[in-house]
Amino acid sequence: MTLPQDRSILSGAGGSGKRIFVTGGAGYIGSHVVRQLGEQGYQVLTYDNLSTGNDWAVLHGELVVGDLADSEKLWRTMARFRPDAVIHFAAFIEVAESVRNPLKYFRNNTANALNLLEVCRKCAVGALIFSSTAAVYGIPERNPVQEDAPLSPINPYGAAKAMTERFLADLAFVEPDFRYVSLRYFNVASADPQGRIGQAYRNPTHLITRALKTALGQFPRLEIFGTDYDTPDGTCIRDYIHVEDLASAHLAALEHLFHGRSSGIFNCGYGKGYSVKEVVETVAEVTGVDFPVATSPRREGDPPMLIAGNEKILRELSWRPRYDELRSIIEGAWNWEKIYLEKMKS
Ligand code: UDP
């Protein structure tokens with residue numbers, strides 16, 4: 001396999017050559033973070049089994065194709081690279097699939113996270129950033145939901161992530177040299193503004209991507225899962241965050257840990273919610289395509305409403321979102337879907 005060339009812009013800012021080991025760096029969110037790390041002068045090694053990621057998406061640093069279940073390879077790779085920090089993305093991401101196949105999720109998202117933590121301890125890694133999710137809250141009593149709300153996941157995807165958060169908390173409690181940041185993602189969408197990378201799943205299930213691909217004629221219709229929720233228009237409400245802003249939250253979290261600050265958990269979202277119907281209408285406006293839409297029964301495992309309380313990340317990580325607008329999120333995603341379609345043809 002040929003490794004992708006280093007096409008990063010090494011500005012030398014921020015990163016000062018620190019070494020970051022990224023699991024899942026060939027995936028959707030991971031590849032945007034790897035690109036931003038390169039732009040900020042970090043050295044990066046991506047460890048990814050390419051089960052859902054793509055080698056062409058790794059725009060900076062080294063790619064090692066390996067599985068988190070392979071502790072020996074993971075250890076050899078990490079021991080050679082000697083990272084200053086680890087960012088852990090590699091995981092499965094579909095709520096509905098996790099309901100159908102829970103053990104798949106506990107194996108990859110929990111047991112493999114445990115492998116990673118053991119290897120991190122062997123390699124004396126002192127800083128880790130974890131991709132968590134709003135799904136740990138289940139059906140929150142209040143929205144926007146704050147980080148100290150009770151964790152009561154309603155699907156195996158959220159439960160597997162909540163368990164890994166517990167591992168991290170317990171480890172940090174006994175290991176004074178180990179600190180972590182857990183970032184609880186809300187609904188991530190859109191793409192690199194320069195159109196180099198974006199969502200490239202073989203079987204996408206996320207709303208904005210499904211709607212755009214329906215507008216491109218790749219699916220016969222968009223199904224709206226549930227119109228009888230207790231929300232103003234009866235469809236689920238989510239807080240959609242641009243992948244560039246989510247990526248910059250990871251760099252802010254790294255800086256936080258490198259400045260010696262304490263472990264923490266942060267919601268990543270804008271504090272604003274949109275219903276499925278509002279998203280579908282905006283996709284129709286942006287694309288100019290009146291694509292077929294059908295209403296379907298509720299999807300297993302979907303909470304009615306998830307909106308991020310984001311005061312903590314704004315305050316403690318000095319995170320400053322730049323793309324906080326649904327229409328431009330969808331415009332960016334639409335631009336990418338057209339590029340990706342051409343890419344797949346060639
Ligand atoms: N959704 C939908 N049709 C689709 C995909 C998703 O109605 O084809 C709904 C889904 O039921 C949920 C919302 O859109 O209420 C967001 O789902 P998505 O899969 O994008 O993200 P999740 O919130 O599950 O992480």
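It should be emphasised that the depicted structure is a prediction, and the values quoted were computed from it without experimental measurement. Counting restarts for each chain, with residues numbered from 1 along the sequence as it is written. The predicted origin of the model limits local features to residues at a pLDDT of at least 70 and limits the giving and counting of side-chain atom pairs to 80 or more, whereas totals for whole chains, interfaces and linings rest on all residues. Hydrogens are left out, water is left out, and the side-chain values use all remaining heavy atoms of the structure.

A. Structural context of the sheet that holds strand E14 (residues 305-306). At least two DSSP bridges between two strands are needed for those strands to be called paired. Only runs of H or I of at least four residues qualify as helices and only runs of E of at least two qualify as strands under DSSP, and these elements are numbered from the N terminus. Spatially, the 3 strands line up as an open sheet ordered E12-E9-E14, and their pairing is mixed. The sheet is open, and its two borders are formed by strand E12 (274-275) and E14, each paired with just one other strand.

B. A look at unusual backbone geometry. In the segment running from Asn143 into Pro144, the intervening peptide bond is cis, with an omega of -5°. For Ala124, which is not glycine, the phi dihedral falls at a positive 55°. Positionally, Ala124 belongs in the loop between helix H4 (102-122) and strand E5 (127-133). Positive phi is not limited to glycine here, since Ser318 has a value of about 50°. One can find Ser318 in the loop between helix H9 (311-316) and helix H10 (326-345).

C. Focus on the confidence of the model for the protein chain. Values of pLDDT, which run from 0 to 100, indicate the predictor's confidence residue by residue. The pLDDT averaged across the protein chain works out to 95; a share of 96% of its residues lies at or above 70. When the criterion is pLDDT under 50, residues 1-12 qualifies, and its contacts beyond four places in sequence or with other chains add up to 28 contacts. Contact criterion: two residues are considered in contact whenever any of their non-hydrogen atoms come within 4.5 Å of each other.

D. Structural view of the layout of surface pockets. Method remark: on a 1 Å grid restricted to protein atoms, a set of points is classed as a cavity if a 1.4 Å probe fits but cannot get out and as a pocket if it is open with protein on both sides within 12 Å along at least five of seven lines; lining residues have an atom within 4 Å of a point. Grid points are joined across faces, edges and corners, and a volume is the space filled by probe spheres set on the points. Considered as a void within the structure, the second largest pocket measures approximately 360 Å³ in volume. At the level of elements, helix H1 (28-39) and helix H7 (243-258) are the ones that each hand at least two residues to the lining of the second largest pocket. Of the residues assigned to the lining of the second largest pocket, the class counts are 5 nonpolar, 5 polar and 9 charged. Just so you know the grouping, Ala, Val, Leu, Ile, Met, Phe, Trp, Tyr, Cys and Pro go in nonpolar, Asp, Glu, Lys and Arg go in charged, and all remaining residues, Gly too, go in polar.

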